[in-house]
There are 2 protein chains.
Amino acid sequence: MDRYDLALIGFGGVNRALAELIRDRGERLRSELGFDLRIVAITDLRLGSLMQADGIDVAQVLAMRAGESFAGLVGGDAEARNEYVIRNSTADIVVEATFTNPLDGQPAVSHVTWALESGKHVTTTNKGPIALAGAGLKSLAAEYGVRFEYEGSVLSGTPILRFAKQQLAGAGLTAVEGILNGTSNYVLGRMEAGLSLADAVAEAQGLGYAEADPTADIEGSDVQLKVVILANELLGANLTTADVERVGISVVSAEDIVAAATQGKRWKLIGSARRLPDGTVTGRVAPVAVAADHPLQGISGATNAVKFETELLGDVTVSGPGAGRVETAYALLSDIIAIDSSVRSGLVATSAV
Amino acid sequence: MDRYDLALIGFGGVNRALAELIRDRGERLRSELGFDLRIVAITDLRLGSLMQADGIDVAQVLAMRAGESFAGLVGGDAEARNEYVIRNSTADIVVEATFTNPLDGQPAVSHVTWALESGKHVTTTNKGPIALAGAGLKSLAAEYGVRFEYEGSVLSGTPILRFAKQQLAGAGLTAVEGILNGTSNYVLGRMEAGLSLADAVAEAQGLGYAEADPTADIEGSDVQLKVVILANELLGANLTTADVERVGISVVSAEDIVAAATQGKRWKLIGSARRLPDGTVTGRVAPVAVAADHPLQGISGATNAVKFETELLGDVTVSGPGAGRVETAYALLSDIIAIDSSVRSGLVATSAV
């Protein structure tokens, strides 16, 4: 029986959901997957740091109340000593789930760097490191003989990156296009029902779908980061956000929506990456009035979807949740399963027993 | 550089398409996948048998005209000596692509058995062996330390079996439901456009979608075999076709279709397998009037789709082609990639160089 010791960096919704999975489904995961998961370190801006090499009592930590800190616990500290914990904890895998910084990816890029440099595998749901520093971090992982996994960076738990890399290998992938942001998709749906953009955004905020500042969702910069990831990961490109043209849904008017409906079309915010005949790869984010026979037209609300265009198979589409704390925590678990699979096949070393 | 030598059993549309892929994309597959493919044996009811341990000239064989036989070639024979070729060829992998016998799976079950017994990996697109003799063949593969792969048995090249087993591992799969037959889906779509069942079937036959005897498509027995495969492979059941209740689309009348449309619903032939709270798994094939918010409603024409219901991720749906000679040949290629991956990770032995 293998066991992987985890260090959780950031203890917000997603890493808490992962801790709950370990608390509630640990036995079942062990019997289904053949390995145990144990949390040996946690850091969090509000809670501080906690390191216990023989395993943290997950139920106790999850029961802590607002305002409490790790300072009162053995191995605890009121400060979030991220670098110290990442470099010095006994974890096999660092689970990075801090916020996405769309400008330079920090501090998550440093968290990932420290982890890889200290010989630890990394799983993250954070778009920043992979969209903004992916190539460097991947070489670092190769250099240190560890895995860097980030399935949750696009479509949260819906496993489209690994699907395309593994299940579509050899099929000749030429393009990827998708509905990659649930908030803007929800807002467009409510605008079809007659709401103004502002009212639809306010409703999405009330439901917890949209951030207080909805710009990244509405103006397409969230999708832009995901297009960079899709282009670079799946089409072998080397794009930056500056290479990806971006138009948000604020350009879509009530009249546009009515006009599309009369033709059986629906407006969707589409992120796409495409290999051109000359081999170059282009990326784009823009609202598109999608026809009824398009596989993305029926994707409503908070659901996300990606259509893969291939030479041998034609079009294959995967749809599923694009957000949610448990769904996103599942992305971390799926990364850990991939790490385990590499460890078992001898592709990477392991410090796990 | 690894190389896999193949024996093709049956040289109809699908195995011809695989041979064309090797002829036309061999170089590219080698650079993308890291292995070479070489055909060393072919058997076919009309053409006979051909064994050439140093590699068959694929272009020459593909250029043979109707009425020619392998008898005129070195290593050739006018008779399809399936057992002799499967047991004695130097192939690493036997590619079984003969017709599906829905009663007992023969002769494909014997083909697979002979291949596994002689230490050869098997890939097949044939539903028969896996739906009707899957458990026995899987133990045989385990006993001989070889792989038995059959991604193309459901949804042809759209890789849903491996997607569910690998990418949804640990997510808690509870149910699978899908549009698993393109012909019946096409026919229902044409009935929505006003055609009678008989006229829609005749049209599908004219387009090459439906067989001369369309019963297996229209009355759901094709889907029934696929439900057995989904239930047994993905939900750990041990169903036979007799356990799967089956109702075909012939019960759907023009009035039913109009009535559904007035409620925004569309009739689809749904194959499903579901784990009940007591742990038992049930399978069913029946036409269902599907609502607009259901991910299968928008799946039209020859496209197939499967919705996976999971505990951690909610619903995830994959749609793509469910037929086609190149698409189905891709399923064989994806099986060979999976075999290669097992060989590389040391999970199975290989006689390949």
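Residues numbered from 1 in each chain as written. Chains lettered and ligands numbered in written order. Predicted model: local features only at pLDDT ≥ 70, side-chain atom pairs only at ≥ 80, totals over all residues. Heavy atoms only, no water.

S.K.: Please provide a residue-by-residue account of the packing of helix H1 (residues 13–33) of chain A against helix H12 (residues 325–344) of chain A, values included.
M.R.: All names here are of chain A. Two elements in contact, H1 and H12, have axes separated by 9 Å at closest approach and are oriented at 50°. Comparing the axis directions of H1 and H12 gives the class oblique. The element H1 and its partner H12 pack so that their crossing is right-handed. Between H1, through Gly 13, Val 14, Asn 15, Arg 16, Ala 17, Leu 18, Glu 20, Leu 21, Leu 29 and Leu 33, and H12, the contact on the second element is made entirely by Arg 325, Val 326, Thr 328, Ala 329, Leu 332, Leu 333, Ile 337, Asp 340 and Arg 344. The residue inventory of the contact of H1 with H12, partitioned by class, reads 11 nonpolar, 3 polar and 5 charged. (Axes fitted to C-alpha atoms, helices over the stretch in contact; angles between N-to-C directions. Helix = DSSP H or I, 4+ residues; strand = E, 2+ residues; numbered from the N terminus. Parallel < 35°, antiparallel > 145°, perpendicular 65-115°, else oblique. Left-handed = near helix turned anticlockwise from the far one by under 90°. Contact = heavy atoms within 4.5 Å. Nonpolar A, V, L, I, M, F, W, Y, C, P; charged D, E, K, R; others polar.)

S.K.: Residue-level account of the interface of chain B and chain A, with values.
M.R.: Every contact between the two is made by 34 residues of chain B and, on the other side, 34 residues of chain A. For the pair chain B and chain A, the two sides together bury roughly 2700 Å², of which 58% comes from carbon and sulfur. One can count 4 salt bridges joining chain B with chain A. Its salt-bridge partner being Arg 25 of chain B, residue Glu 311 of chain A comes within 2.8 Å of it at the nearest N-O pair. There are 14 residue pairs in polar contact (both at pLDDT 80 or more) connecting chain B and chain A. Elements supplying a minimum of two residues to the side of chain B that touches chain A: helix H1 (13–33), helix H6 (160–167), strand E13 (314–321) and helix H12 (325–344) of chain B. (Buried area = accessible area lost by both parts, 1.4 Å probe. Salt bridge = Lys/Arg side-chain N within 4 Å of Asp/Glu carboxyl O. Polar contact = N/O pair within 3.5 Å; in protein donor to acceptor, adjacent residues only side chain to side chain.)

S.K.: Account for the packing of aromatic side chains, naming residues and giving values.
M.R.: Scanning all chains against the criterion turns up 9 aromatic pairs over all chains. Arranged with centres 4.9 Å apart and planes meeting at 80°, the rings of Tyr 186 of chain A and Tyr 209 of chain A form a pair that is edge-to-face. Here Tyr 209 of chain A lies in the loop between helix H8 (197–206) and helix H9 (215–218) and Tyr 186 of chain A lies in helix H7 (residues 182–192), a separation of 23 residues in the sequence. Classification of Tyr 186 of chain A as buried rests on a relative accessible area of 14%. We classify Tyr 209 of chain A as partly exposed; its relative accessible area is 38%. Residues Tyr 4 of chain B and Phe 35 of chain B carry aromatic rings whose centres are separated by 5.4 Å and whose planes lie at 80° to one another, so their mutual orientation is edge-to-face. Here Phe 35 of chain B lies in strand E2 (residues 35–44) and Tyr 4 of chain B lies in strand E1 (residues 2–9), a separation of 31 residues in the sequence. (Phe/Tyr/Trp six-rings, centres within 6.5 Å; stacked < 30°, edge-to-face > 60°. Buried < 20%, exposed > 50% of the residue type's maximum accessible area, 1.4 Å probe, protein only.)

S.K.: Describe unusual backbone geometry, listing the residues and the values that go with them.
M.R.: Residue and element names in this part refer to chain A. Across the junction of Gln 106 and Pro 107, the peptide omega takes the value 5°, indicating a cis bond. The backbone phi angle of Ser 156 is positive, close to 40°, even though this residue is not glycine. If you trace the backbone, Ser 156 turns up in the loop between strand E7 (148–149) and helix H6 (160–167). Residue classification places Ser 156 among the buried positions, given a relative accessible area of 4%.

S.K.: Outline the sheet that holds strand E7 (residues 148–149) of chain B, listing residues and values.
M.R.: Residue and element names in this part refer to chain B. If you walk across this open sheet you meet the 7 strands as E4-E3-E2-E1-E5-E6-E7, and the pairing is mixed. Of all the strands in the sheet, just strand E4 (76–77) and E7 have a single pairing partner and so form its edges. Contacts from helix H4 (residues 108–117) reach E1, strand E5 (93–96), strand E6 (121–124) and E7, with the element oriented near 175° to E5. (Pairing = 2+ DSSP bridges.)

S.K.: Give me the pattern of salt bridges: which residues, what numbers.
M.R.: All told, the structure shown has 64 salt bridges over all chains when counted by the stated rule. For Glu 177 of chain B, the salt bridge goes to Lys 307 of chain B, with nearest N and O atoms at 3.7 Å. Of this pair, Glu 177 of chain B sits in strand E8 (residues 173–179) while Lys 307 of chain B is found in strand E12 (residues 303–310), placing the two residues 130 residues apart along the sequence. In this structure Glu 177 of chain B comes out as buried when scored by relative accessible area, which is 12%. Between Lys 307 of chain B and Asp 315 of chain B there is a salt bridge, with the nearest N and O atoms lying 3.6 Å from each other. Relative accessible area serves as the criterion here: at 7%, Lys 307 of chain B is assigned to the buried category. Salt bridges sharing partners connect three or more residues here, namely Arg 147, Glu 149, Glu 151, Arg 162 and Asp 335 of chain A.

S.K.: Can you explain the relation of the copies chain B and chain A? Please cite residues and give values.
M.R.: The operation relating chain B to chain A is a screw motion whose rotation component is 180°, with 0.0 Å of axial translation and a residual RMSD of 0.0 Å. As the rotation angle and translation indicate, the two copies are arranged about a two-fold axis. Same-surface contact between copies: 100% of interface residues of chain B are shared with the interface of chain A. (Least-squares fit on C-alpha atoms with pLDDT ≥ 70 in both.)

S.K.: Any chance you could break down the side chain of Asn 181 of chain B for me, citing the residues and the numbers?
M.R.: All names here are of chain B. Following the sequence through the fold, Asn 181 ends up in the loop between E8 and helix H7 (182–192). One polar contact links the side chain of Asn 181 to the main-chain amide nitrogen of Ser 184, over a distance of 2.8 Å. At a separation of 2.9 Å, a polar atom in the side chain of Asn 181 contacts the side chain of Asp 222.

S.K.: Describe the environment of Lys 120 of chain B, listing the residues and the values that go with them.
M.R.: Residues and elements named next belong to chain B. By the element assignment, Lys 120 lies in the loop between H4 and E6. Remark: the alpha-carbon pair of Lys 120 and Arg 28, spanning 92 residues in sequence, is separated by 25 Å. In contact with Lys 120, other than residues within four places in its own chain, are Ile 86, Arg 87, Asn 88, Ser 89, Ala 91, Asp 92, Val 94, Ala 115 and Val 146. Within polar-contact distance, the side chain of Lys 120 engages the backbone oxygen of Arg 87 at 3.1 Å. Only 3.4 Å separates the side chain of Lys 120 from the backbone oxygen of Ser 89, close enough to count as a polar contact.

S.K.: Describe in detail H7 of chain B, supporting the description with residues and values.
M.R.: Residues and elements named next belong to chain B. The buried fraction of H7 is high, at 8 of 11 residues. Along H7, the residues that are buried comprise Gly 182, Thr 183, Ser 184, Asn 185, Tyr 186, Val 187, Leu 188 and Met 191. Buried residues along H7 sit in contact with E8, helix H8 (197–206), helix H9 (215–218), helix H11 (254–262), strand E10 (266–275) and E12. The opening residue of H7, the one whose side-chain oxygen lies 3.2 Å from the backbone nitrogen of Thr 183, is Asn 181. Of the residues one or two after H7, Gly 194 is the one with positive phi, at around 110°.

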